Amino acid sequence: MAKFAPQLINLFATLILLLSFAMISQRRIVTLINLFMLQGAALVAASFLLGYVTDNHELYISGGLTLVLKVIFIPWMLHRVIRKLNVRWDVETLLNVPTTMLVGIGLVILAFSLALPVSRLSSALAGGSLGIALACILLSFMMMITRSKAVPQVIGFLSMENGLIFAATAVTNGMPMIVEFGVALDVLVGVLILGVFMFQIREKFDTLDIHNLESLKED
């Protein structure tokens, strides 16, 4: 198993990146949530594999937290939210799909260029995957910028956090456990607050388009 670990980790890293590309081009919110869930599952598999190879038990806890939050609880909650709000599509984007993909390719090239010097200095088993992790962060940030509805922006934020966790895992074989729990708690609280925020937007404007918030000005 340890013999093929680098190849398997690169496989999971590539899968995470491909899912990020699929997410930036996806317009159906239900499918977007499912892609996020698959990305979380790939991150869990990479964490468990690294934990097994490096004998770092903290990575098992990190993978378990990701499994509970990113694969089970948050996707379930987001599906429940969009059912209640009757939201299925997000067609109001800043860029069309071909342009989005071209910009995404440019961001991936930039990410690999920035990560190459650091990857050479890293002695971690997955240090070579730092470029992929940084690319996922940039792609998620782009998704947050180019989407006008609240739900895809929440998913973009959560996907960015996936990239940050994978970057920490790739370079250092895992963050300290207290940091892992802090990040997990922040993500959980943030998602709950954003869920309330989405309901308030829908109640006020009968839509989840955040551009309507620009109309809230003091008299």
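All of the points below concern the structure found in this document. It should be emphasised that the depicted structure is a prediction, and the values quoted were computed from it without experimental measurement.

What about the overall build of the chain?
Inference 1: On a plain count of helices and strands, the chain comes out with seven helices and zero strands.
Inference 2: Listing each helix as α and each strand as β along the chain from the N terminus yields α-α-α-α-α-α-α.
Inference 3: Considering the chain as a whole, with its 219 residues, one finds that 47% of them fall into the buried category.
Inference 4: Of all intrachain contacts in the chain linking residues separated by at least 6 positions in sequence, the fraction that spans at least 24 positions is 75%.
Inference 5: Put simply, the chain shows about 10800 Å² of open surface, and 69% of that area lies on carbon and sulfur atoms.

Some points on the packing of helix α2 (residues 29-54) against helix α3 (residues 57-85)
Inference 1: In contact at an axis separation of 8 Å, α2 and α3 are set at 170° when each is read in the N-to-C sense. As far as their axial angle goes, α3 and α2 are roughly antiparallel.
Inference 2: By residue class, the composition of the contact of α2 with α3 is 19 nonpolar, nine polar and one charged.

Remarks on the environment of N162
Inference 1: You can see N162 is positioned in helix α6 (residues 150-172).
Inference 2: Among the residues examined, N162 registers a relative accessible area of 3% and is labelled buried.
Inference 3: Apart from residues lying up to four places away in sequence, N162 is in contact with F36, Q39, G40, L43 and K70.

Some thoughts on the side chain of S159
Inference 1: For S159, the position within the fold is in helix α6.
Inference 2: Not counting residues within four places of it along the chain, the set of residues in contact with S159 comprises S20, M23, F36, Q39 and S140.

Regarding α2
Inference 1: Under the 1.5 Å per step criterion, the end-to-end length of α2 is 37 Å for 26 residues, consistent within 8% with the ideal 38 Å.
Inference 2: Positive phi shows up at D55, right after α2, with a value of about 60°.

Considerations on the nonpolar core
Inference 1: In terms of nonpolar packing, the biggest core is built from 39 residues, with L17, M23, L78, L139, I155 and F166 touching the most fellow members.
Inference 2: Among the elements of the structure, α1 (5-25), α2, α3, α4 (97-121), α5 (130-146) and α6 are those that each provide at least two residues to this core.
Inference 3: Here this core gets nine residues from one element, more than from any other, and that element is α2.
Inference 4: Contacts of L78, omitting those with residues within four sequence positions, involve I33, V154, I155 and L158.

Section: the pattern of salt bridges
Once their charged atoms are close, side chains differing in charge can pair, the charge on each being opposite to the other.
Inference 1: Inspection of every chain in the model, using the stated rule, returns one salt bridge.
Inference 2: Note that E161 is salt-bridged to K70, the shortest N-O span being 2.2 Å. A residue pair is termed long-range when its members are at least 10 positions apart, and E161 in helix α6 and K70 in helix α3 qualify at 91 residues.
Inference 3: Take E161: its relative accessible area is 9%, and that puts it in the buried class.
Inference 4: Classification of K70 by relative accessible area gives buried; the value is 3%.

Considering the side chain of T100
Inference 1: Following the sequence through the fold, T100 ends up in helix α4.
Inference 2: Among the polar contacts listed, one links the side chain of T100 to the backbone oxygen of N96, at a separation of 2.8 Å.
Inference 3: Setting aside anything within four residues of it in sequence, one finds T100 in contact with I24, R27, L95 and M142.

Some remarks on the packing of aromatic side chains
Inference 1: Throughout the structure, instances matching the rule amount to two aromatic pairs.
Inference 2: Aromatic side chains F73 and W76 sit 6.1 Å apart centroid to centroid with 40° between the ring planes, which places their arrangement in the tilted category. In this pair, F73 and W76 are both assigned in helix α3, three residues apart and thus about one turn of the helix distant.
Inference 3: On the basis of relative accessible area, W76 is assigned to the partly exposed category, the value being 45%.

Thresholds, definitions, all that
- Residues numbered from 1 in each chain as written.
- Predicted model: local features only at pLDDT ≥ 70, side-chain atom pairs only at ≥ 80, totals over all residues.
- Heavy atoms only, no water.
- Helix = DSSP H or I, 4+ residues; strand = E, 2+ residues; numbered from the N terminus.
- Buried < 20%, exposed > 50% of the residue type's maximum accessible area, 1.4 Å probe, protein only.
- Contact = heavy atoms within 4.5 Å.
- Areas by Shrake-Rupley, 256 points an atom, 1.4 Å probe, with all protein chains shown as cover.
- Axes fitted to C-alpha atoms, helices over the stretch in contact; angles between N-to-C directions.
- Parallel < 35°, antiparallel > 145°, perpendicular 65-115°, else oblique.
- Nonpolar A, V, L, I, M, F, W, Y, C, P; charged D, E, K, R; others polar.
- Expected span 1.5 Å × (residues − 1).
- Core = buried A, V, L, I, M, F, W, Y, C linked by side-chain atoms within 4.5 Å.
- Salt bridge = Lys/Arg side-chain N within 4 Å of Asp/Glu carboxyl O.
- Polar contact = N/O pair within 3.5 Å; in protein donor to acceptor, adjacent residues only side chain to side chain.
- Phe/Tyr/Trp six-rings, centres within 6.5 Å; stacked < 30°, edge-to-face > 60°.

Interpretation note: all reported values are geometric properties and have no functional meaning in isolation.
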